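Chain and residue survey
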Number of protein chains: 2
Amino acid sequence: MKKTIVLGAVVLCLCFSLPVDVKAQRPWIQPIESPVVHPDRTVTFNFKAPNAKKVELSSQFIKEPQLLKRDTSGIWSITLGPVEPNLYPYNFIVDSVAVADPNNVNIFPNERFKSSLVDIPGQRPAIYAAQDVLHGEVTHCYYKSKSMNALRPLVIYTPPGYRQNNKKYPVFYLVSGATDTEETWFKVGRVNFILDNLIAQNKAVPMIVVMPYGNTLTGTPDPSSLKAADMYKVFNDDLIGSIIPYVEANYRVIPDREKRAVAGFSRGGGQSLFAGFTNLDKFAWICSYSAFLTPEVFEKYFSDVYANPEVTNEQLRLLWLGVGYEDFLYKQAVTFVDLLKEKKIEQKNLITTGGHTWMNARLYLTETLQLFFK
Amino acid sequence: MKKTIVLGAVVLCLCFSLPVDVKAQRPWIQPIESPVVHPDRTVTFNFKAPNAKKVELSSQFIKEPQLLKRDTSGIWSITLGPVEPNLYPYNFIVDSVAVADPNNVNIFPNERFKSSLVDIPGQRPAIYAAQDVLHGEVTHCYYKSKSMNALRPLVIYTPPGYRQNNKKYPVFYLVSGATDTEETWFKVGRVNFILDNLIAQNKAVPMIVVMPYGNTLTGTPDPSSLKAADMYKVFNDDLIGSIIPYVEANYRVIPDREKRAVAGFSRGGGQSLFAGFTNLDKFAWICSYSAFLTPEVFEKYFSDVYANPEVTNEQLRLLWLGVGYEDFLYKQAVTFVDLLKEKKIEQKNLITTGGHTWMNARLYLTETLQLFFK
């Protein structure tokens, strides 16, 4: 997890942005190793906080925060597990303040909280792990949003060989959840390594993946309200009016609805369903990972979709919805599934264990990547 | 600084990796805005820590950490400045523990500490700011290091127009400091926006910038020792044997020593001087930002460089060393400058105010980018 530190060289740059008490320890600052994943899949977390009264560890592989023990040097530690193999977000709670692990370079990109990532490997390499296969690239680029009148970021995966050949590729638009950034599907979702591996195993078609910044900065609607759908419309206008034209002008893509997919997690799931359903001329593959839309939204915005279900079903190569039993959105997701059934819209569903987590988001991603463009 | 939050949608994904007490507040978590930069260049920092006894702010625009004041809701605040326009790292010190700002999406990528970035704009747009010009791209890719027998990351800037044309470009290899990652020159150095702006102003030649991960995982030598140079050699073997071949096989570059530059900050400065001096057949442009090498290193590794200074001076299109008066490496840097003079090696020097900071690193970068390949 942690990159091994070259201690001697630390002296060269530790004097910036560190608090004074740490500076005073120059030149031989001892790094603390954390997390330490053991061969038996137990994992030790270490955190230095000499003056803290209470340090806990919070993660989704445990049901509730666990108390760390302090040693005489002020380092708090806990060993947990064995832990089911996966890549988990976690943080320390230091006297009620949630903080990332300072000794772990793998940070969860987010607007609002600071978490770190711990990888518990299994006996076989995980599908999200960097394996000995050809690797694609992940690019940060910037486009002008006409509808939002702003320069906005995109993160784009291109498959192995993209720079060497002249092929054109299908494109998958993949939206992250609320408070996530355009980097979250890359850094937490590991979409690049998952696709590298699936392509190497001939399980996925080589494709470009476009990851927008889903926050459209338009207020604070209740997600179950029509206002949330109005907010999704702002994203949709940006996607259709600016993002797709930018991608198609700058990347070698097949500009055809049969070669365009859209999906997202959580808020991004709502945004991708909205974008798909209101643009069936542009998307033939639509997925939702742990999202929901209310019947009211369906009635207001998607009348074309259910007015003639036979036409819709012919247009849709895939409508796929996944959710976990323990997801707090589970009931809404099932309501939406039932609504689609009532409207006679064909769909595929995956109901899994687990909750509203990035472990499930990665699972749904891995499942659907193997269906697209076939 | 902070991306505005769409509150209503927060409910959709806040249930993961947050501590229980925050979860309990669902669905309407109030985000805290921090930092807030005011028009008069004062800046307010806010941090929620109801149980903390003491919260301080640490940054290089202040001489020592400043105490925040707590309000009745447990939010600690301080307004500082006016602050000289620049992009600064900062963090909170909560009961002696240094933490990043949870409400600021702009994180300082580092192995060892967690800081955030605050941008204090001046009257004119900063050279590191995203301006209304054509933008290049920043790509994460992965290469196999033969000498280190590992898959390693590279971050690569390509200039505006790279995907549209068929031109070949000069390449600048840019190494970050100790404990930094391959992302630090991108996220903190802002090399992409600096080059976008300099290219738009016709002040820099369009070029590719390759940013390796400078940590070569080989132990803990004292940086003033010969062992540090031995460590630099490990990086050098990777750069020459694997990084340059990867870049030249995958990007459109001009494979000529006159079209290759190398530079770095802090430990990366030592690594780039080492790589440049031991490979004058490969690099004609060599810079060091706030680094040093000892006379012992010079004697052991660079005998070819000073054995015939006339040849060296003809080969070197640029040898450039920058350091700040307040840098803790200032004396060593001056010793090295004197050593080069004694050896009759021509050089350019820039001595500035300030210390061993990323504000200075960006300044030196901006200066030297305007000299390369002309």
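**Some details on the overall build of chain A**
Assigned secondary structure in chain A consists of 11 helices and 18 strands. By residue count, 51% of the 374 residues in chain A fall in the buried class. A separation threshold of at least 6 residues defines the contact pool for chain A, and within that pool the share at least 24 residues apart is 71%.

**Overview of the pairing of strand β7 (residues 86–94) of chain B**
Residues and elements named next belong to chain B. Counted residue by residue, β7 has nine buried out of nine residues, so it is predominantly covered. Burial of β7 is two-sided: the residues N86, Y88, Y90, F92 and V94 facing one way and the residues L87, P89, N91 and I93 facing the other way are all buried. Relative to β7, strand β3 (residues 55–59) runs antiparallel, the two sharing five bridges. Of the residues in β7, the one forming a bridge with E56 is I93. Pairing of β7 with strand β10 (residues 115–120), which is carried by five bridges, proceeds in the antiparallel orientation. The residue of β10 that forms the bridge with P89 is L117. Taken together, β7 and the strand that follows it, strand β8 (residues 97–99), pair antiparallel across an intervening segment of two residues, in which D95 is found at a positive phi of about 45 degrees.

**Observations regarding the pairing of strand β14 (residues 208–212) of chain A**
All names here are of chain A. Where burial is concerned, most of β14 is hidden: five out of the five residues are buried. Judged by which residues are buried, β14 turns out to be covered on both faces: I208, V210 and P212 on one side and V209 and M211 on the other are all buried. Inspection of the sheet shows strand β12 (residues 150–158) paired to β14 by four bridges, in the antiparallel sense. Considered in β14, the bridge of Y157 is made with V209.

**Focus: the sheet that holds strand β5 (residues 69–70) of chain B**
Residue and element names in this part refer to chain B. An order of β1-β2-β6-β5 is seen for the four strands of this open sheet, with the pairing classed as antiparallel. What marks the edges here is a single partner per strand, and that holds for β1 (36–37) and β5. Bridge count between β1 and strand β2 (residues 43–48): two bridges; the pairing is antiparallel. Residue V37 lies in a different strand from β2, and its bridge partner there is V43.

**What to know about unusual backbone geometry**
At the junction of S34(B) and P35(B), the peptide bond is cis and its omega measures out at -10 degrees in the coordinates. Mapped onto the fold, P35(B) is located in the loop between α2 (20–23) and β1. One non-glycine residue with positive phi stands out, namely S290(A), at about 60 degrees. Positionally, S290(A) belongs in the loop between β16 (285–289) and α7 (295–301). S290(A) sits in the buried class, given 31 other C-beta atoms within 10 Å. A positive phi angle, near 60 degrees, is found at S266(B), a position not held by glycine.

**Comments concerning helix α10 (residues 330–342) of chain B**
Residue and element names in this part refer to chain B. An ideal rise of 1.5 Å per residue puts 18 Å on 13 residues; α10 measures up with 18 Å between its terminal C-alpha atoms. Of all the positions in α10, only A333, F336 and L340 are classed as buried. The buried residues of α10 occupy an angular sector of 60 degrees when projected down its axis, which confines them to one face. Looking at α10, the residues exposed on the side facing more than 90 degrees away from the buried face are K331, D338, K341 and E342. Residues of α10 that are buried make contact with β17 (318–324).

**Points about the nonpolar core**
In terms of nonpolar packing, the biggest core is built from 205 residues, with V209(A) and V209(B) touching the most fellow members. Ignoring sequence-local partners within four residues, the contact set of V209(A) consists of I156(A), Y157(A), F172(A), L174(A), V191(A) and L195(A).

**A closer look at the environment of H356(A)**
For H356(A), the location among the structural elements is in the loop between β18 (348–352) and α11 (358–369). Sequence-wise, H356(A) and I243(A) are 113 residues apart; in three dimensions their C-alpha atoms are separated by 27 Å.

**Looking at the sheet that holds strand β1 (residues 36–37) of chain A**
All names here are of chain A. With respect to topology, four strands assemble into an open sheet ordered β1-β2-β6-β5, the strand pairing being antiparallel. Both outer strands of the open sheet, β1 and β5 (69–70), are each paired with one neighbouring strand and no more. Pairing between strand β2 (residues 43–48) and strand β6 (residues 75–80): six bridges, direction antiparallel. Among the inter-strand pairings, T44 is bridged to a residue of β6, identified as T79.

**Some thoughts on the environment of G322(B)**
All names here are of chain B. As for its position among the elements, G322 is in strand β17. For G322, a count of 26 C-beta atoms within 10 Å puts it in the buried group. Separated by 63 residues in sequence, G322 and K259 place their C-alpha atoms 22 Å apart. Residue contacts for G322: discarding those within four places in its chain leaves Y289, S290, L350, T352 and Y364.

**Things to note about the packing of helix α4 (residues 191–200) of chain A against α11(A)**
All names here are of chain A. At a minimum axis distance of 11 Å, the contact between α4 and α11 shows a crossing angle of 35 degrees. Like other packed secondary-structure pairs, α4 and α11 cross with a definite hand, here right-handed. Touching V191, I194, L195 and L198 of α4 are L365, T366 and L369, all from α11. Considering only residue class, the contact of α4 with α11 consists of six nonpolar, one polar and no charged.

**Observations concerning the packing of helix α5 (residues 226–250) of chain A against helix α6 (residues 267–277) of chain A**
Residue and element names in this part refer to chain A. The geometry of α5 relative to α6 is characterised by a closest axis approach of 9 Å and an angle of 65 degrees between their N-to-C directions. Relative to α6, the element α5 lies roughly perpendicular. Seen along the crossing, α5 lies across α6 with a hand that is right-handed. Where α5 abuts α6, its residues A228, A229, Y232, K233, F235, N236 and L239 lie against G270, Q271, F274 and A275. A class-by-class count of the residues in the contact of α5 with α6 yields seven nonpolar, three polar and one charged.

**What about α6(A)?**
Burial of α6(A) is extensive: 11 of the 11 residues sit out of reach of the surface. For α6(A), every residue scored as buried is listed here: R267(A), G268(A), G269(A), G270(A), Q271(A), S272(A), L273(A), F274(A), A275(A), G276(A) and F277(A).

**Re the confidence of the model for chain A**
All names here are of chain A. Looking at chain A as a whole, the pLDDT averages 89, with 90% of positions reaching at least 70. Across residues 1–29, confidence stays below pLDDT 50; counting only partners more than four residues off in sequence or on other chains, it has 87 contacts. Overall fold confidence (pTM) sits at 0.92, and the ipTM for the predicted complex is 0.91.

**A few points about the environment of A361(B)**
All names here are of chain B. In this structure, A361 sits in helix α11 (residues 358–369). C-alpha separation for the pair A361 and Y213, spaced 148 residues apart in sequence, amounts to 17 Å. Once you skip the residues sitting within four places of it in the chain, A361 turns out to touch G189, F265, Y289 and S290.

Quick notes on the rules
Residues numbered from 1 in each chain as written. Chains lettered and ligands numbered in written order. Predicted model: local features only at pLDDT ≥ 70, side-chain atom pairs only at ≥ 80, totals over all residues. Helix = DSSP H or I, 4+ residues; strand = E, 2+ residues; numbered from the N terminus. Buried ≥ 20, exposed ≤ 12 C-beta atoms within 10 Å, placed from the backbone. Contact = placed C-beta atoms within 7 Å. Pairing = 2+ DSSP bridges. Expected span 1.5 Å × (residues − 1). Arc of directions from axis to C-beta. Core = buried A, V, L, I, M, F, W, Y, C linked by C-beta atoms within 7 Å. Axes fitted to C-alpha atoms, helices over the stretch in contact; angles between N-to-C directions. Left-handed = near helix turned anticlockwise from the far one by under 90°. Nonpolar A, V, L, I, M, F, W, Y, C, P; charged D, E, K, R; others polar. Parallel < 35°, antiparallel > 145°, perpendicular 65-115°, else oblique. pLDDT = per-residue confidence, 0-100.

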